[in-house]
Amino acid sequence: MEKYRALTAHEIDILTKNGCSADNWENLQVVENFDPSRVFFSQFSGKIFLGSFSGFMEIDGIERPCGIYHSRLHHCTIDEDVLIDR
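Let me begin by describing the structure that accompanies this report. Here the residue numbers are simple positions, counted from 1 along each chain's written sequence. Predicted model: local features are reported for residues with pLDDT of at least 70 only, side-chain atom pairs are reported and counted for 80 or more only, and whole-chain, interface and lining totals are derived from all residues. Note: side-chain values were computed over all heavy atoms of the structure, leaving out hydrogens and water.

Turning to unusual backbone geometry, a few remarks are in order. Even without glycine at this site, Asp-81 takes up a positive phi of about 45°. Summarising the element assignment, Asp-81 is placed in the loop between strand E9 (72-78) and strand E10 (83-85). If you check the backbone angles, Arg-86 has positive phi at about 60° while not being a glycine. Each helix corresponds to a stretch of at least 4 residues labelled H or I by DSSP, and each strand to a stretch of at least 2 residues labelled E; elements are numbered beginning at the N terminus. Note that Arg-86 resides in the segment after E10. The exposure class assigned to Arg-86 is exposed, which follows from its relative accessible area of 73%. Only protein chains enter the area calculation, which uses a 1.4 Å probe; residues under 20% of their type maximum are buried, those over 50% are exposed, and those in between are partly exposed.

Position of Ser-71 among the secondary structure elements: in the loop between strand E8 (67-69) and E9. Two N or O atoms form a polar contact when they lie within 3.5 Å of each other; inside protein one atom must be a possible hydrogen donor and the other a possible acceptor, and for residues adjacent in sequence the pair counts only when both atoms belong to side chains. Reaching out from Ser-71, the side chain makes a polar contact with the backbone oxygen of Tyr-69 at a distance of 2.9 Å. Here Ser-71 is in contact with Phe-41, Ser-42, Gln-43, Ile-84, Asp-85 and Arg-86, once residues within four sequence places are set aside. We call two residues in contact when some of their heavy atoms are within 4.5 Å.

Our next topic: the packing of aromatic side chains. Any aromatic ring pair is given by two values, namely how distant the centres are and how the planes are angled relative to each other. Geometry of aromatic contacts follows a simple scheme: Phe, Tyr and Trp rings, the Trp one being its six-membered ring, pair when their centres are within 6.5 Å, and the pair is stacked under 30 degrees between planes, edge-to-face over 60, tilted otherwise. As enumerated under the stated definition, the model contains four aromatic pairs in all. Residues Phe-34 and Phe-53 carry aromatic rings whose centres are separated by 6.1 Å and whose planes lie at 70° to one another, so their mutual orientation is edge-to-face. One end of the pair, Phe-34, is in the loop between strand E3 (28-30) and strand E4 (39-40); the other, Phe-53, is in the loop between strand E5 (43-50) and strand E6 (56-59), and 19 residues separate them in sequence. Classification of Phe-34 as buried rests on a relative accessible area of 6%. Residue classification places Phe-53 among the buried residues on the basis of a relative accessible area of 0%. With a centroid separation of 6.3 Å and 40° between ring planes, the pair formed by Phe-40 and Phe-41 is classed as tilted. Exposure remark for Phe-40: the relative accessible area of 30% places this residue in the partly exposed category.

Basic side-chain nitrogens of Lys or Arg form a salt bridge, by our definition, when they fall within 4 Å of a carboxyl oxygen of Asp or Glu. Inspection of every chain in the model, using the stated rule, returns four salt bridges. With a shortest N-O distance of 3.3 Å, Glu-32 and Arg-5 are connected by a salt bridge. One end of the pair, Glu-32, is in the loop between E3 and E4; the other, Arg-5, is in strand E1 (residues 5-6), with 27 residues separating them in the sequence. In this structure, the salt-bridge partner of Asp-85 is Arg-86, at a minimum N-O distance of 3.6 Å. Linked through salt bridges whose partners overlap, the residues forming this network are Arg-5, Glu-11 and Glu-32.

On to the environment of Phe-34. In the structure, Phe-34 is positioned 19 residues away from Phe-53 in sequence and 6.6 Å away in space, judged by C-alpha atoms. Apart from residues no more than four positions distant in its own chain, Phe-34 is found in contact with Arg-5, Leu-7, Glu-11, Leu-15, Val-39, Leu-50, Gly-51, Ser-52 and Phe-53.

Laid out in structure tokens, this is it:
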């Protein structure tokens, strides 16, 4: 099982600048190599556990960066290198 940690103030700042919000930032836990620059326009509520998003996925012949985009997540765990969009 992954070890999770609290978000840093710098990561919260990046997420906020990327249009993200949370009912309580303290409820988000992330892995050590979490990349907040891969999360945009998303809302978080409840307990959330996030993996890293360093890879890429090919969808319909187009390579896309892993991450979370335009989403609302509530009380869930998101594993490593996934793509969630809308």
